[in-house]
Amino acid sequence: MKTGDRHNQFTLRPGGVLRGAVTVPGDKSISHRAAMLAAIARGRSEIRNWLAAGDTEATLGAMRDLGATIERLDTTTLSIVGGALRESASPLNLMNAGTGIRLLAGIMAGQDFPSVLDGSAQLRRRPMKRITEPLELMGADIESRTGGCPLRIRPAALRGLTYEMPVASAQVKSAILLAGLYADSPTTVIQPGPARDHTERMLRSLGVDIKEEDAEGKTITVFPQDRLSPLGLTVPGDISSAAFLLVAALLIRDSELTVSGVNLNPTRTGILDVLEAMGADITIGNRGAEAGEPIGDIRVKASQLHGIEIGGETVVRMIDEFPILMVAALRAEGETVVREAAELRVKETDRIAVMAAELRKLGAEIEEREDGFRILGPQQLTGGQVDGHDDHRIAMSLTVAGLITAEGAVVTDAACAGDSFPGFAETLQGCGALLAAS
């Protein structure tokens, strides 16, 4: 990883104008899936622009422990030979990677050897019943004494099922579909609304028989598969990482920034729709496709935003972007209300409570609600010291907040930014932000 990823404190000063064109690291969700699917595909896969960050490195390490042969051609280019997983000599350590452990549980439920999936103290606090319960309905033998990890998975014959998800979740859907590869009959997932479809897109590219049975893609069926073809893909830029740069440029006067080659999968672009509804000057150009995913360049200009109400399907399409949206809402004219976002309370941290508490240290007034928050703006942040709480999206959101304070700010426990955005501090510095990393 880049040297800057070791920095654990960011010191921010107001006044820097953001300009230029930048790229962001490869999409985190796609990088997780690429490492796993390359390990179970037969033959050699090549993955370019792979995200070399804390969470994805944990997934890659787990696949290596399971017998995949992994060669690093450079920092972000992988050659993976897979097709024959084997029992690991020790528990698989997914560190902080919630996506990694939940998706891998689906794969391991179908193996003919036992496994233990574990992680950090932070990961052990995250709920796992949402995946273990449907997997057990398929016949999986999973022990979870606390409702979280460690997950102890023993060999079991999986059967196909039709599962209607109570709430839309890409991780739950993906775990079931991946287990369905090893089931005795087709497996169908019915989702109540849109959720990320990276797993379906990638499985299709591997030759898996997978069908969407309605126009909106809410009913997905996967058929058992003995052999997966190897991958060859370039991972597009991560829109969740781009969001921090986009919001910073929107809020800092006279800024104009282009983030190139960003994934524009419609299940992920809720943040763009919301920012445009708030009055953001956003232009998308140079559209294309990469790895079956739509991509483009996103240009933003500093804009006066106004508050809106956010709920329903939009929440699922931008669940990772609410911490940085909270920062944008502080500078928006009028009232911003977020509802139906209780999922934020069971991420790496309780992101509603933590963001509200830390932003109050900078002078913000935020009304915290059980399933969201209410902010009346515009508000001028004063300054102070805040804590990233070992949560990459919290740390990066607070960094952007520090850039729009009147007096400057210090973000401690900031090294976790490298969990999803290696070189975050350097990228902001290169755009013109007044940021010192130490």
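Residues numbered from 1 in each chain as written. Predicted model: local features only at pLDDT ≥ 70, side-chain atom pairs only at ≥ 80, totals over all residues. Heavy atoms only, no water.

Participant: So, the overall build of the chain: which residues are in play, and what are the values?
Facilitator: Within the chain one finds 14 helices and 24 strands. What you see for the chain is a C-alpha radius of gyration of 21 Å, in line with the 22 Å of a compact globule of 438 residues. For the chain, buried positions account for 60% of its 438 residues. Sequence-distant contacts, at least 24 apart, represent 76% of the contacts inside the chain between residues at least 6 apart. (Helix = DSSP H or I, 4+ residues; strand = E, 2+ residues; numbered from the N terminus. Rg over C-alpha atoms; globule rule 2.2 N^0.38 Å. Buried < 20%, exposed > 50% of the residue type's maximum accessible area, 1.4 Å probe, protein only. Contact = heavy atoms within 4.5 Å.)

Participant: Could you give an account of the packing of helix α1 (residues 28–40) against helix α2 (residues 54–65), naming the residues involved and the relevant values?
Facilitator: Between α1 and α2, the least distance of the axes is 9 Å, while the angle of their chain directions is 5 degrees. It follows from the interaxial angle that α1 and α2 lie roughly parallel. Contacts between α1 and α2 involve K28, S31, H32, A35, M36 and A39 from the former and D55, T56, T59, L60 and M63 from the latter. (Axes fitted to C-alpha atoms, helices over the stretch in contact; angles between N-to-C directions. Parallel < 35°, antiparallel > 145°, perpendicular 65-115°, else oblique.)

Participant: So, the sheet that holds strand β12 (residues 210–212): which residues are in play, and what are the values?
Facilitator: Read across the sheet, four strands follow the order β10-β11-β13-β12 without closing on themselves; strand pairing throughout is mixed. Either end of the sheet is taken by a strand with one partner, and the two such strands are β10 (162–164) and β12. For this sheet, the mean angle separating the axes of adjacent strands, direction not counted, is 15 degrees. Pairing geometry for strand β11 (residues 187–190) and strand β13 (residues 219–222), over four bridges, is antiparallel. Bridge assignment links T188 to a residue of β13, and that residue is T221. Where helix α6 (residues 170–180) meets the sheet, its contacts fall on β10, β11, β12 and β13, and the angle it forms with β11 comes to roughly 170 degrees. (Pairing = 2+ DSSP bridges.)

Participant: So what's going on with the pairing of strand β7 (residues 115–118)? Which residues, and what values?
Facilitator: Pairing geometry for strand β6 (residues 92–93) and β7, over two bridges, is parallel. Counterpart to L92 in the pairing with β7 is L117. Running through helix α3 (residues 98–108), the crossover from β6 to the neighbouring parallel element β7 is right-handed. Pairing of β7 with strand β9 (residues 151–154), which is carried by three bridges, proceeds in the antiparallel orientation. Bridge pairing in β9 places L117 opposite L151. (Right-handed = clockwise from strand over helix to strand, strands pointing away.)

Participant: Before we move on, could you go through the pattern of salt bridges and cite the residues and values that matter?
Facilitator: In the structure shown here, the tally under the stated rule is 31 salt bridges. One salt bridge connects R268 with D27, and the closest N-O pair in it is separated by 2.9 Å. Residue R268 is located in the loop between β15 (256–263) and α9 (270–277), and its partner D27 is located in the loop between β2 (19–23) and α1; the two are separated by 241 residues in the primary sequence. This pair shows no difference in class: R268 is buried, exactly as D27 is. By sharing partners, the salt bridges in this structure join R196, D320, K347, R351, D391 and R393 into a single network. (Salt bridge = Lys/Arg side-chain N within 4 Å of Asp/Glu carboxyl O.)

Participant: Please give an account of the sheet that holds strand β16 (residues 281–290) that cites residues and values.
Facilitator: Read from one edge of the open sheet, four strands run β2-β15-β17-β16, paired in mixed fashion. Edge positions in the open sheet fall to β2 and β16, since each of these has one partner strand only. Here the average twist between neighbouring strands, direction ignored, is 15 degrees. Sheet topology places β2 next to β15; five bridges connect them, and they run parallel. Each residue of the ladder has a partner; that of A21, found in β15, is T258. Along the sheet, helix α8 (residues 239–251) contacts β2, β15, β16 and β17 (293–301); its crossing angle with β15, the most-contacted strand, is approximately 165 degrees.

Participant: For the packing of α1 against α3, give the residues involved together with the corresponding values.
Facilitator: Interaxial distance between α1 and α3 falls to 10 Å at its minimum, and their mutual angle equals 25 degrees. The angle between the axes of α1 and α3 places the two elements in the roughly parallel class. Pair α1 / α3 crosses with right-handed handedness. Within the contact between the two elements, α1 uses H32, R33, M36 and I40 and α3 uses T99, G100, L103, L104 and I107. Classifying every residue of the contact of α1 with α3 gives five nonpolar, three polar and one charged. (Left-handed = near helix turned anticlockwise from the far one by under 90°. Nonpolar A, V, L, I, M, F, W, Y, C, P; charged D, E, K, R; others polar.)

Participant: Run through α1, naming residues and quoting values.
Facilitator: Over its 13 residues, α1 runs 19 Å from end to end, which matches the ideal 18 Å to within 8%, given 1.5 Å per residue. With 13 of 13 residues buried, α1 lies mostly within the body of the structure. Near the N-terminus of α1, the side chain that reaches the backbone nitrogen of S29, with its oxygen 2.9 Å away, is that of D27. (Expected span 1.5 Å × (residues − 1). Polar contact = N/O pair within 3.5 Å; in protein donor to acceptor, adjacent residues only side chain to side chain.)

Participant: Describe the pairing of strand β22 (residues 384–387), listing the residues and the values that go with them.
Facilitator: Bridge analysis of β22 against strand β23 (residues 409–412) gives four bridges, and the strand direction is parallel. Bridge assignment links G384 to a residue of β23, and that residue is A409.

Participant: Residue-level account of the nonpolar core, with values.
Facilitator: Counting residues in each nonpolar core, the largest one holds 78 residues, and the members touching the most others are F322, L359 and I366. Examining the composition of this core, we find that eleven residues originate from one element, α8, more than from any other. Non-local contacts of F322, meaning those with residues more than four positions away in its chain, are made with I310, V315, V338, L344 and F373. (Core = buried A, V, L, I, M, F, W, Y, C linked by side-chain atoms within 4.5 Å.)

Participant: How would you summarise the side chain of Q122 if you had to cite specific residues and measurements?
Facilitator: Relative to the elements of secondary structure, Q122 occurs in helix α4 (residues 121–124). Non-local contacts of Q122, meaning those with residues more than four positions away in its chain, are made with N96, E348, H389 and D390.

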